[in-house]
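# A structural walkthrough
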Amino acid sequence: MHRPIDEPGFGERDGAGHGPVPVPPPYRPHPAPGDTPGHWTGIPAPPAGPWADAHGAPDPGRVDPRVLGALLARHGWRRRGGAAGRYSRWTPPGSGTGGGTSLLVPESRAFPDCEDLLGEALDALAHSGTPSAREVLTGLSVPSDEIRWWRDVPPGPAGTVPWTVQEQLRSAARQLLLAGALAVRGRAGYHGARHRRPAQASLETVVVGAAPGGRGLTAFLPVAPGRPIAVRLYHALYAAREATDYQRATGGMEAFDAAVEAGVSRELTDALIALVRGTEGARVALEWAPAAGAPEGCAARPEPVEFSPGDLPALREASARYLTDEPSVPVRITGAVVRMRRSGPRGDGTVRLRVLGGAEVPHVRVTLGEEAYRTAVHAHLVGLPIRVVGRLESRGGFRRLTDASGVVPVQVDEAERDRLMKSLHENLDYFEEACGPDEG
């Protein structure tokens, strides 16, 4: 999943009053071999990957100088001459011509001292205090497409923004990435609970970094497996921008209906609403990994997509439209009964199924007639799942099955049946859990 980039307590004085605890770098790197995921180890090395050595640092022997130059230019480093045809000199963003860190980057690997120069440049980046230095190392260690968010918000003390405003940016970024991951798995105006778990799992490799001041955020999506998400967001963002312009010009929502095929959904419009709300404007930009190049059908250097508070009414209307217009889905679900509820000894009852197959949701609730309910109870007692036909309702996020029929127990292999029976007998709160109130 998308990972937070700040930990509580950093920058505060320790219990012995020995001064401030070291502030971590502005992004959480991929864990190096042997590290516990999510654990800060001083100032961590960049993420390990095919371009990195055993300690997670980029391997000079495998770094393409052209990729390094492209990343430096992308992150605001200035090229200030060098030996023509042999190497170029780069200085950090905002530095003058007379001092500060500078890097000598060879033009190609054709010269004998190429690897030495690259090693020195990478070492200088690793020790540089420039925030963009770590982003360059990240792009070298794990070739990644980059997604950047900016929000125009009123400045706070010392030019920063409040913590709550930064959290709003992080939350909106998470929502947008999840919307892209859901769209990779299927086009829908409203995804609800469908595909959510695999979509969240596909974001586990994402690395996130914050811009100084808290107004910007960058997500690094490794080309493998993250490129499909980046490509889908590329098309969806432009389609959302065009549909918003059409709605504001004509009042019609037809463009939002067509934009579903490009990946626009309620989840994406809600993410854009969260991104823009409370700001004077926001924009999203995508940049492709230099080592992989631009994907087919996408601009090599996409222009940022901008949204303003004036776009919010159109986005809100589209969000509501997607929610109400997404149809129910006919399904035949196989699931294990994990909860049962009936108001009396006879009559209809409600069961909750852990879905084993037939739908892209983890659980569904279904109301059954008396005979079907009895069948579900007996199947649960002997450790068998049931199969039921119905319609997966979009209301509630595709978590309820209606018009249920054809409830029958399903034979499963011995290992799965043993697991279900073990779960039944080991659950000491079985009757309280199975017969308790249904979840809302």
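Attention in this report is confined to the structure presented alongside it. Computed from a prediction, not measured in an experiment: that's the story for all the values here.

## What about unusual backbone geometry?
One can expect most non-glycine residues to show negative phi and most peptide bonds to be in trans. The omega angle of the peptide bond from Ala224 to Pro225 is 15°, so this bond is cis rather than trans. Within the fold, Pro225 resides in helix H6 (residues 223–250). Here the phi dihedral of Phe398 falls at roughly 65°; this positive angle occurs in a residue that is not glycine. Tracing the sequence through the fold places Phe398 in the loop between strand E12 (386–393) and strand E13 (400–409). With phi around 55°, Asp403 is a residue other than glycine that occupies positive phi space. For Asp403, a relative accessible area of 61% translates into the label exposed.

## Description of the pattern of salt bridges
With the rule as written, the count across this model stands at 22 salt bridges. A salt bridge links Arg66 to Asp64; the shortest N-O distance between them is 3.2 Å. Overall, Arg66 belongs to the exposed group, its relative accessible area being 61%. Here Glu326 and Arg194 are joined by a salt bridge, their closest N and O atoms 3.5 Å apart. Residue Glu326 is located in the loop between helix H9 (312–325) and strand E9 (329–341), and its partner Arg194 is located in the loop between helix H4 (163–185) and helix H5 (196–201); the two are separated by 132 residues in the primary sequence.

## Side note on the pairing of strand E7 (residues 282–287)
Regular strands place side chains that alternate from one sheet face to the opposite one. As paired strands, strand E4 (residues 144–151) and E7 are joined by 6 bridges and run antiparallel to one another. When the bridges of E7 are listed, Trp149 appears paired with Val284. In the sheet, E7 pairs with strand E8 (residues 305–307) via 3 bridges, with the strands oriented antiparallel. In the strand pairing of E8, Ala282 is matched with Phe307.

## Describing the packing of aromatic side chains
Scanning the entire structure with this criterion turns up 4 aromatic pairs. Here the aromatic rings of Tyr234 and Trp288 are separated by 5.8 Å at their centres, their planes lie at 55°, and the arrangement is tilted. Taken together, the residues Tyr234 in helix H6 and Trp288 in the loop between E7 and E8 connect sequence positions 54 residues apart. Trp288 shares its class with Tyr234; the two are buried. Three or more aromatic residues joined by ring pairs form one cluster here, namely Tyr234, Tyr238 and Trp288. Between the NZ or CZ atom of Arg194 and the centre of the ring of Phe398, over which it lies, the distance is 3.7 Å. Arg266 extends its terminal NZ or CZ atom over the ring of Tyr190, reaching a point 5.8 Å from the ring centre.

## Considerations on a negative patch on the surface
Taken together, the side chains of Asp113, Asp116, Glu120 and Asp123 make up a negatively charged region of the molecular surface. Residue position: Asp116 is located in helix H2 (residues 114–126). In this structure Asp116 comes out as exposed when scored by relative accessible area, which is 53%.

## Structural notes on the environment of Asp257
Among the structural elements, Asp257 can be located in helix H7 (residues 254–259). Overall, the relative accessible area of 35% leaves Asp257 in the partly exposed class. Sequence spacing of Asp257 and Gly189 is 68 residues, and the spatial spacing of their C-alpha atoms is 8.0 Å. Other than its neighbours up to four places away in sequence, Asp257 contacts Arg321 and Tyr322. Polar contacts involving the side chain of Asp257 include one to the side chain of Arg321, which spans 2.8 Å.

## Topic: the packing of helix H8 (residues 266–276) against H9
With their axes 9 Å apart at the nearest point, H8 and H9 run at an angle of 150° to one another. The pairing of H8 with H9 is recorded here as roughly antiparallel in orientation. Between H8 and H9 the crossing geometry is left-handed. From H8, Arg266, Thr269, Asp270, Leu272, Ile273 and Val276 reach across to H9, where they touch Leu312, Leu315, Arg316, Ala318, Ser319, Ala320, Tyr322 and Leu323. Within the contact of H8 with H9, the residues separate by chemical class into 9 nonpolar, 2 polar and 3 charged.

What counts, and at which threshold
- Residues numbered from 1 in each chain as written.
- Predicted model: local features only at pLDDT ≥ 70, side-chain atom pairs only at ≥ 80, totals over all residues.
- Heavy atoms only, no water.
- Helix = DSSP H or I, 4+ residues; strand = E, 2+ residues; numbered from the N terminus.
- Buried < 20%, exposed > 50% of the residue type's maximum accessible area, 1.4 Å probe, protein only.
- Salt bridge = Lys/Arg side-chain N within 4 Å of Asp/Glu carboxyl O.
- Pairing = 2+ DSSP bridges.
- Phe/Tyr/Trp six-rings, centres within 6.5 Å; stacked < 30°, edge-to-face > 60°.
- Lys NZ or Arg CZ within 6 Å of the ring centre and 35° of its normal.
- Patch = residues over 30% accessible without salt bridge, like charges linked within 9 Å, V, L, I, M, F, W, Y side chains within 5 Å.
- Areas by Shrake-Rupley, 256 points an atom, 1.4 Å probe, with all protein chains shown as cover.
- Lys, Arg positive; Asp, Glu negative; His and termini not counted.
- Charge placed at Lys NZ, Arg CZ, Asp CG, Glu CD.
- Contact = heavy atoms within 4.5 Å.
- Polar contact = N/O pair within 3.5 Å; in protein donor to acceptor, adjacent residues only side chain to side chain.
- Axes fitted to C-alpha atoms, helices over the stretch in contact; angles between N-to-C directions.
- Parallel < 35°, antiparallel > 145°, perpendicular 65-115°, else oblique.
- Left-handed = near helix turned anticlockwise from the far one by under 90°.
- Nonpolar A, V, L, I, M, F, W, Y, C, P; charged D, E, K, R; others polar.

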